Amino acid sequence: MVQPQKVKTYKNLIGGRWVESSSGKTFASVNPADTSEVLGHFQQATLEETQQAIETARVSQPAWAEATPAKRAEVLYRAAHLIEEKTSELAETLTREEGKTLAESTGEVKRAAANFRFYAGQAYLVSGETLPSDELSTFVYTLRQPLGVVSVITPWNFPLTIPVRKIAPALAAGNSIVYKPASLTPLMGLRLGEILLEAGLPEGVINVVTGPASIVGDEMVTNPSISAITFTGSYQVGDLLQHKALTTCRTQLEMGGKNPIIVLEDANLDLAVSCTVQGAFGLSGQACTGTSRAIVIKKVLDQFTDKLIEATRQISIGNGLTKGIKMGPVADTQQEKTILDYIEIGKEEGAELLYGGRKLKGNSYDRGFFVEPAIFTHVRPNMRIAQEEIFGPVLAIIEAADFDEAITVANDVEYGLSASICTRDLGRAERFARLIEAGMVKVNQPTTGVALNAPFGGTKKSSTETYREQGRIAMEFFTRLKTVSLRYES
Ligand code: NAP
């Protein structure tokens, strides 16, 4: 007889110790490809425990800020090394917890290690400037200093790289962290805390607290000891946090997208199709920069659509751990429902569902949340499927008469995260880069993916117009300027 697998109960990381919640309550993390697999049980932290985590971060921060850049860099380099050593195990856990394919998870794990390495170097580069002074014997300069305690709140779709690209620069600058992973992917969040402890981060500088957003998340936003909140998630939650945060608390919100790819009549259509398929259906369409609209010039619409359907047909859907699978499940039953609901909405609005869009059933599909990629044509720009973020493998093809109309349609949404154009005309590509309302602009590339040393963020409802993530510029969010005027003759 097969023995039922013993499921581990994980604890929260507070002040360098692994602690059980006094609530006595836990919640489960389940494999979206096979809901019979429970990855673990996780603490439902209380308000008091969240406050404890914030207080321990506050008390631990000054010593970390005083640590030399060499010491801070050493911890981050070690974290990179540990992640690399554990790549295959972490990637497998990531696939089991979030659902993306093993190849996608492996890419995410490698990216997390590379981010730690990048920000280890940045610990040495936190710098101000010197300024000429009108007063004799006076030296004026600026200092960049850490903010204090940073709240890190992240979504489930990149449960390793998104927290790492926030936590690594925050630590490099000398801040301490209270981190709440998404409740769908708590295991990856706790593994990250464990790795940072193992890398030698002093106790209390990283605290990982799982539990209800309404208790843990709310306290991480409103507690007066929090100096900054770096959040990635939906616009709806981001907007709420922005209004709740104290005036003295700095915020950085990375939110949703409704990203277009424009296909001009001179595009290499095979390239345009492969960019669209990767952007729309990679990661099961669950990427903030995922392609949800293909705006195609009439002249090449039919040819593009035929090629797109042919390429989409080749996507094998299943458990991301299985070799050859190109698209895993969607995250959970709620995600699945939202996606299927939008497919119905598209049909009711009069768009034509040309391909896919069904819930997959039978055999192992019945144990998970599997949805076929969906391609709609005859989509009008004002339809809900062309306006609202679906966050799933659903693509709306919209016809445009010419370049100018394509730009107007592309900009006619509330979001502005990523946008791509496929063309051989560099002049129009350059004009697109200037006119498009998006923070991330791609030419002959998918809307997803960007170099790790490049600034990341959007405009409109996709991001707060404050600070960019990623790259060197990320250090600005995690540091504040101080101006010093020093008279050296007294
Ligand atoms: P979400 O529902 O907004 O949740 C994001 C995080 O906020 C989770 O940790 C969630 O905790 C927490 N949260 C929810 N309500 C809160 C509250 N009242 N106070 C404090 N924290 C709260 O988003 P999601 O469903 O996880 O992720 C999908 C969204 O993220 C999409 O809109 C996608 O576009 C966006 N995203 C954006 C980027 C980007 O860089 N722009 C990248 C990836 C994803 P619980 O999990 O416990 O509810």
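(A) Geometry of the sheet that holds strand 5 (residues 130-131). The 3 strands lie next to each other as 5-6-21, forming an open sheet whose pairing is antiparallel. The open sheet terminates on both sides in strands that have one partner only, identified here as strand 5 and strand 21 (479-487). Of the strand pairs in this sheet, strand 6 (residues 138-146) and strand 21 are connected by 9 bridges, and their pairing is antiparallel. What sits directly across from Thr 142, in strand 21, is Thr 483.

(B) Inspection of the site of the ligand at higher detail. With respect to spatial proximity, 29 residues lie near the ligand, and among them Thr 154, Ser 183, Ser 234, Met 255 and Glu 389 are the closest. Here an oxygen atom of the ligand and a side-chain polar atom of Arg 165 are 3.4 Å apart. In the model, an oxygen atom of the ligand is placed 2.6 Å from a nitrogen or oxygen of the Glu 389 side chain. About the coverage of the ligand: the protein hides 86% of its 910 Å² of free accessible area. Of all the secondary structure elements, the ones that give two or more residues to the shell around the ligand are helix 5 (161-173), helix 7 (213-222), strand 10 (226-232) and helix 8 (235-244). Tallied by class, residues from the shell around the ligand come to 16 nonpolar, 8 polar and 5 charged.

(C) A look at the packing of aromatic side chains. Tallied over the full model, the rule gives 8 aromatic pairs. Judged by centre distance (5.0 Å) and plane angle (85 degrees), the ring pair of Phe 118 and Tyr 119 falls under edge-to-face. A relative accessible area of 22% places Phe 118 in the partly exposed class. Judged by its relative accessible area of 0%, Tyr 119 is buried. Ring geometry for Phe 477 and Phe 478: centres 4.9 Å apart, planes at 85 degrees, overall edge-to-face. Residue Phe 477 shares its accessibility class with Phe 478, and that shared class is buried.

Parameters and conventions
Residues numbered from 1 in each chain as written. Predicted model: local features only at pLDDT ≥ 70, side-chain atom pairs only at ≥ 80, totals over all residues. Heavy atoms only, no water. Pairing = 2+ DSSP bridges. Helix = DSSP H or I, 4+ residues; strand = E, 2+ residues; numbered from the N terminus. Near = heavy atom within 4 Å. Polar contact = N/O pair within 3.5 Å; in protein donor to acceptor, adjacent residues only side chain to side chain. Areas by Shrake-Rupley, 256 points an atom, 1.4 Å probe, with all protein chains shown as cover. Nonpolar A, V, L, I, M, F, W, Y, C, P; charged D, E, K, R; others polar. Phe/Tyr/Trp six-rings, centres within 6.5 Å; stacked < 30°, edge-to-face > 60°. Buried < 20%, exposed > 50% of the residue type's maximum accessible area, 1.4 Å probe, protein only.

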